[in-house]
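Notes for the structure review
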Amino acid sequence: MNDTRTHVGQIRTEVHGHVFKIIIDNVAKKNSFSPQMMAQMSDAMTLLDRTDDYWVGVLCAEGPDFTAGLDMPKFFGPKAENTEIKPGNVDAFALKSRCRKPIVTAVQGICFTIGIEMMALPWWKSSWRWPCSPPDSLWCSA
């Protein structure tokens, strides 16, 4: 029997106590992001930010690879899909608004473009601050 359905990637979430887990799930395409997944990521980060019972987020991915990046034809070109994030939502790139809670990124396998951005953004775009300034920040104690 041949399964002709097209797998659509998604962002899933799970709650483990006070930990809000955000899961990239598009294994068939090495977890590449579609515009819909970017909107779902915004929804998940907004839920993390605005729920008092969630103290920290963990961003991870299904399968052996974290992400191959953007599914380029879905973002650019004649068949591009336009999906806007909801007004007032957290922007996954922290350009308009950002999540105020720490996010740990668990990366495995390949990680290109957007994956690298998402790893870096919690460090330098969040409202959380190190207790001391670079270059001493790696060596100081809290």
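The preceding data block contains the structure.
Described in the following lines is the structure provided in the data block. (Residues numbered from 1 in each chain as written. Predicted model: local features only at pLDDT ≥ 70, side-chain atom pairs only at ≥ 80, totals over all residues. Heavy atoms only, no water.)

**Considerations on the pairing of strand 3 (residues 56–61)**
Bridge count between strand 2 (residues 19–25) and strand 3: six bridges; the pairing is parallel. Looking at the pairing, Ile 23 lines up with Cys 60 of strand 3. Pairing geometry for strand 3 and strand 4 (residues 103–105), over three bridges, is parallel. Paired with Val 58 across the bridge in strand 4 is Val 104. (Pairing = 2+ DSSP bridges. Helix = DSSP H or I, 4+ residues; strand = E, 2+ residues; numbered from the N terminus.)

**A few points about unusual backbone geometry**
Positive phi values are uncommon outside glycine, yet Lys 30 reaches one of about 50°. Among the structural elements, Lys 30 can be located in the loop between strand 2 and helix 1 (35–50). Using a relative accessible area of 43% as the deciding quantity, one classes Lys 30 as partly exposed. Even without being glycine, Asn 31 reaches a positive phi, approximately 60°. Counting through the fold element by element, Asn 31 comes out in the loop between strand 2 and helix 1. (Buried < 20%, exposed > 50% of the residue type's maximum accessible area, 1.4 Å probe, protein only.)

**Looking at helix 1**
In this model, helix 1 (16 residues) spans 23 Å end to end at C-alpha, consistent with the 22 Å of a helix rising 1.5 Å per residue. For helix 1, the complete set of buried residues consists of Pro 35, Met 37, Met 38, Ala 39, Met 41, Ser 42, Ala 44, Met 45, Thr 46, Leu 48 and Asp 49. (Expected span 1.5 Å × (residues − 1).)

**Overview of the pattern of salt bridges**
For the structure shown, the criterion picks out nine salt bridges. A salt bridge links Lys 21 to Glu 14; its shortest N-O distance comes to 3.8 Å. Taken together, the shared-partner salt bridges in this structure form one network comprising Arg 12, Glu 14, Lys 21, Asp 25 and Glu 62. (Salt bridge = Lys/Arg side-chain N within 4 Å of Asp/Glu carboxyl O.)

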